[in-house]
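# Fold and geometry: a report
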Amino acid sequence: MSYFAAAVVRDDSGWTAAEMNLRGVTDIEDVADRLRDVDQDADLSLLFVEADDAYLVVMRLDEGEDLRVFGSDSAYAEESRLGALLVGDLKTSVTGLDDPEEPRPSGRGDEDTEQPAVDPEADPVGEADLLADLGISAQKLLNLSAREGMMPADVTAELCQVLGCADEVEELREV
């Protein structure tokens, strides 16, 4: 199973991105340690893991502590060893979560309010609200990760656009 892992860290000077190698990790704490190693003094560290054009995992550390994880589909844990490490212990399904701050699409009207076609097979797990304080509500994250035709790279790009670190992550892809 192939993957792309981008660590994005924010400190007083702004965002920095680095590609992460997850070979040899033994558990979720090992992954968190590698994320901490990108910048020990970062206020905020995010890790975006895209696997086989099918799965997305977002990890978050605040000041190196309080690990939070969201996975676009629990099936990733069954598909690979890395998936099992990242989302295997997440039992909290977040399907059906409604965010009162983001109106539910009505299915009619302009492009911004149309209901996206979602993958009915997806079973997102973890903390969908892990980016809420950064401008990405739980419902928006769920909608993006379940939208039919959206690849994990597309979701990462859209999330990073909102966060303000899209250029840094895009540079990693070009290398």
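Above this text you will find the structure in question.
Time to look at the pairing of strand 4 (residues 55-62). With seven of eight residues buried, strand 4 lies mostly within the body of the structure. In terms of strand pairing, strand 4 meets strand 5 (residues 65-71) through five bridges, oriented antiparallel. Bridge pairing in strand 5 places Asp-62 opposite Glu-65. What sits between strand 4 and strand 5 in their antiparallel hairpin is a turn of two residues, with Glu-63 showing a positive phi close to 50°.

The strand order across the open sheet formed by six strands is 2-1-3-4-5-6, and the pairing between neighbours is antiparallel. Looking along the sheet, the strands with just one partner apiece sit at the ends: strand 2 (14-19) and strand 6 (125-126). Pairing geometry for strand 1 (residues 3-11) and strand 2, over six bridges, is antiparallel. Within strand 2, the residue paired with Val-9 across the bridge is Thr-16. Across the face of the sheet, helix 1 (residues 28-38) comes into contact with strand 1, strand 2, strand 3 (44-51), strand 4 and strand 5 while running at roughly 65° to strand 4.

This part takes up the pattern of salt bridges. Oppositely charged side chains are able to pair whenever their charged atoms sit close together. Overall, the coordinates contain seven salt bridges when judged by the stated rule. Note that Arg-36 is salt-bridged to Asp-33, the shortest N-O span being 2.7 Å. Of this pair, Arg-36 and Asp-33 are both found in helix 1, three residues apart, which corresponds to roughly one turn of the helix. Taking the relative accessible area as the measure of exposure, Arg-36 reaches 18% and is therefore buried.

As a further point, take the packing of helix 5 (residues 152-163) against helix 6 (residues 166-174). Two packed helices can be described by the angle between their axes and the distance between those axes. Between helix 5 and helix 6, whose axes approach to 8 Å, the crossing angle comes to 145°. Contacts from Ala-153, Thr-156, Ala-157, Cys-160 and Gln-161 of helix 5 reach helix 6 at Ala-166, Val-169 and Arg-173. Looking at the contact of helix 5 with helix 6 residue by residue, the classes come out as five nonpolar, two polar and one charged.

What counts and what doesn't
Residues numbered from 1 in each chain as written. Predicted model: local features only at pLDDT ≥ 70, side-chain atom pairs only at ≥ 80, totals over all residues. Heavy atoms only, no water. Buried < 20%, exposed > 50% of the residue type's maximum accessible area, 1.4 Å probe, protein only. Helix = DSSP H or I, 4+ residues; strand = E, 2+ residues; numbered from the N terminus. Pairing = 2+ DSSP bridges. Contact = heavy atoms within 4.5 Å. Axes fitted to C-alpha atoms, helices over the stretch in contact; angles between N-to-C directions. Salt bridge = Lys/Arg side-chain N within 4 Å of Asp/Glu carboxyl O. Nonpolar A, V, L, I, M, F, W, Y, C, P; charged D, E, K, R; others polar.

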